[in-house]
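One letter stands for each residue in the lines below.
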Amino acid sequence: DNYLVSGVYQQVMTGDYLDHLLALDYLKDSSLKNRKTYRIEKISSVYTGNVKQFALSKAMERKFYRSENLEELDEFKKIFQPYLDKLTNKQFKEKLDTFYFKKANALVKFRTGKPAVNFTLEDMEGKSFSLADFKGKAVYLDFWASWCYSCRVETPHLQALYNKYKNDDRVVFISIAVNDRMVEWKKAIEIDKPGWLQLKDKNDLASKAYAANLIPKFILIDKLGNIATFDAPPPSDIVNVTRLIDEEVKK
């Protein structure tokens with residue numbers, strides 16, 4: 001427990017060492033990867049003392065952080081309740097509770113019908129664009145990164161979706177690169193040659209504002225500047241994403 005004063009030790013016990021223990025278990029039984037709480041179960045069964053308390057709180061905080069909507073956040077809290085009850089360290093428990101409520105408050109902002117958070121970002125030439133510039137149009141936001149394989153897989157589908165609406169001035173497509181290096185971002189654009197607006201979130205302010213913790217992330221904003229769908233279908237789901245966009249432009 002005395003080693004918890006070290007940030008490196010904290011990182012090892014919640015990261016590398018725990019990942020090693022899990023990897024050994026997964027070799028014996030790969031189905032364990034599908035158990036949402038197995039990481040926490042492992043901590044609870046192997047760790048002791050304040051190290052256990054700290055690791056449990058961090059593992060639950062990690063899941064809360066990655067929740068993309070209130071339903072998912074509440075589901076995790078319900079699943080974690082037996083482990084929340086085991087948090088006897090007041091400091092760790094209060095910190096986790098505070099984190100949960102901050103996350104919940106952030107996600108509330110993105111309920112359907114709530115105003116979308118405005119942002120101002122630059123394209124490759126340094127020209128600034130704000131979300132407010134496109135009020136009166138349906139806006140399909142794409143949060144991505146050049147290093148994100150799943151994001152790049154969606155790019156051809158997004159190109160096809162853009163081509164479908166490129167002559168419809170009621171619809172705008174905006175891709176926002178997050179947590180990405182400028183050189184790699186520009187190189188990816190040169191390779192993919194997307195036809196729609198590409199912006200760089202230099203300080204990740206937009207991604208944080210929209211809780212885009214996991215990418216790719218797609219959000220549809222209506223013509224009034226409100227959230228139409230915070231968890232919009234990806235471009236590869238052409239039927240459902242087209243239906244939602246069509247519904248918005250007809251309003």
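Before any of the text, the structure's been laid out above.
Residues numbered from 1 in each chain as written. Predicted model: local features only at pLDDT ≥ 70, side-chain atom pairs only at ≥ 80, totals over all residues. Heavy atoms only, no water.

Which parts of the structure should I look at to understand the nonpolar core?
Taken as a class, soluble globular proteins show a tendency for nonpolar side chains to be buried jointly. Met60, Phe119, Leu141, Phe143, Ile174, Tyr210 and Ile221 are the most contacted members of the largest nonpolar core, which totals 62 residues. If one sorts the elements of this core by residue count, helix H4 (residues 49-66) sits on top with seven residues. Residues in contact with isoleucine 174, not counting those within four places in the same chain, are Phe134, Val139, Tyr140, Leu141, Asp142, Trp196, Leu197 and Leu199. In this structure, Tyr140, Phe218, Ala228 and Ile245 belong to the second largest nonpolar core, which totals 17 residues. (Core = buried A, V, L, I, M, F, W, Y, C linked by side-chain atoms within 4.5 Å. Buried < 20%, exposed > 50% of the residue type's maximum accessible area, 1.4 Å probe, protein only. Helix = DSSP H or I, 4+ residues; strand = E, 2+ residues; numbered from the N terminus. Contact = heavy atoms within 4.5 Å.)

Just to check I follow, could you spell out the packing of aromatic side chains for this structure?
The geometry of an aromatic ring pair comes down to the distance between the two centres and the angle between the two planes. Taken as a whole and judged by the stated rule, the model has 15 aromatic pairs. Relative to tyrosine 9, the ring of tyrosine 3 has its centre 5.4 Å away and its plane inclined at 80°; by these criteria the two rings are edge-to-face. Relative accessible area serves as the criterion here: at 58%, tyrosine 3 is assigned to the exposed category. We classify tyrosine 9 as partly exposed; its relative accessible area is 22%. Judged by centre distance (5.9 Å) and plane angle (40°), the rings of phenylalanine 143 and tyrosine 210 are tilted. Of this pair, phenylalanine 143 sits in strand S3 (residues 138-144) while tyrosine 210 sits in the loop between helix H9 (205-209) and strand S6 (217-221), placing them 67 residues apart in sequence. Looking at tyrosine 210, the relative accessible area reads 0%, which means it is buried. (Phe/Tyr/Trp six-rings, centres within 6.5 Å; stacked < 30°, edge-to-face > 60°.)

Looking at this structure, I do not really get the packing of H4 against helix H5 (residues 70-84). What am I missing?
Relative orientation and spacing of two packed helices are given, respectively, by the angle between their axes and the distance between those axes. Contact geometry for H4 and H5: axes closest at 9 Å, N-to-C directions at 170°. On the basis of their axis angle, the class for H4 and H5 is roughly antiparallel. Contacts between H4 and H5 involve Leu56, Met60, Lys63, Phe64 and Arg66 on the former and, on the latter, Glu72, Leu73, Phe76, Lys77, Phe80, Tyr83 and Leu84. In the contact of H4 with H5, the residues fall into eight nonpolar, no polar and four charged. (Axes fitted to C-alpha atoms, helices over the stretch in contact; angles between N-to-C directions. Parallel < 35°, antiparallel > 145°, perpendicular 65-115°, else oblique. Nonpolar A, V, L, I, M, F, W, Y, C, P; charged D, E, K, R; others polar.)

What is the right way to look at the environment of glycine 136 in this model?
Inspection of the secondary structure assignment puts glycine 136 in the loop between strand S2 (128-130) and S3. Assessed through its relative accessible area of 42%, glycine 136 is described here as partly exposed. Considered as a pair, glycine 136 and isoleucine 221 are 85 residues apart in the sequence and their alpha carbons are 10 Å apart.

Quick question: what am I supposed to make of the pairing of strand S5 (residues 197-201) here?
A regular strand places its side chains so that they alternate between the two faces of the sheet. Buried residues dominate S5, accounting for five of its five residues. Here S5 shows a buried face lined by Leu197, Leu199 and Asp201 and a second buried face lined by Gln198 and Lys200. In this structure, strand S4 (residues 171-178) lies alongside S5, joined through five bridges in parallel fashion. For serine 175, the partnering residue across the bridge sits in S5 and is glutamine 198. Handedness of the S4-helix H8 (residues 182-192)-S5 crossover: right-handed. (Pairing = 2+ DSSP bridges. Right-handed = clockwise from strand over helix to strand, strands pointing away.)

Is there a simple way to explain the pattern of salt bridges in this structure?
Oppositely charged side chains can pair when the atoms bearing their charge come close. By the definition in use, this model includes 13 salt bridges. Note that glutamate 247 is salt-bridged to arginine 243, the shortest N-O span being 3.3 Å. With glutamate 247 and arginine 243 both in helix H10 (residues 238-249), this residue pair falls four residues apart, about one helical turn. By relative accessible area, glutamate 247 is classed as partly exposed at 38%. (Salt bridge = Lys/Arg side-chain N within 4 Å of Asp/Glu carboxyl O.)

Explain the side chain of serine 175 to me, please; I cannot follow it from the model alone.
Tracing the chain through its elements places serine 175 in strand S4. What makes serine 175 buried here is its relative accessible area of 1%. Filtering out sequence-adjacent residues up to four positions away, serine 175 remains in contact with Asp142, Trp144, Leu158, Trp196, Leu197, Gln198 and Leu199.

What's the story with a nonpolar patch on the surface in this structure? I'm lost.
Taken together, the side chains of Val8, Val12 and Tyr17 present a nonpolar region at the surface, about 250 Å² in accessible area. Along the polypeptide, valine 12 turns up in helix H1 (residues 7-14). Among the residues examined, valine 12 registers a relative accessible area of 31% and is labelled partly exposed. (Patch = residues over 30% accessible without salt bridge, like charges linked within 9 Å, V, L, I, M, F, W, Y side chains within 5 Å. Areas by Shrake-Rupley, 256 points an atom, 1.4 Å probe, with all protein chains shown as cover.)

Structural measurements only, silent on function.
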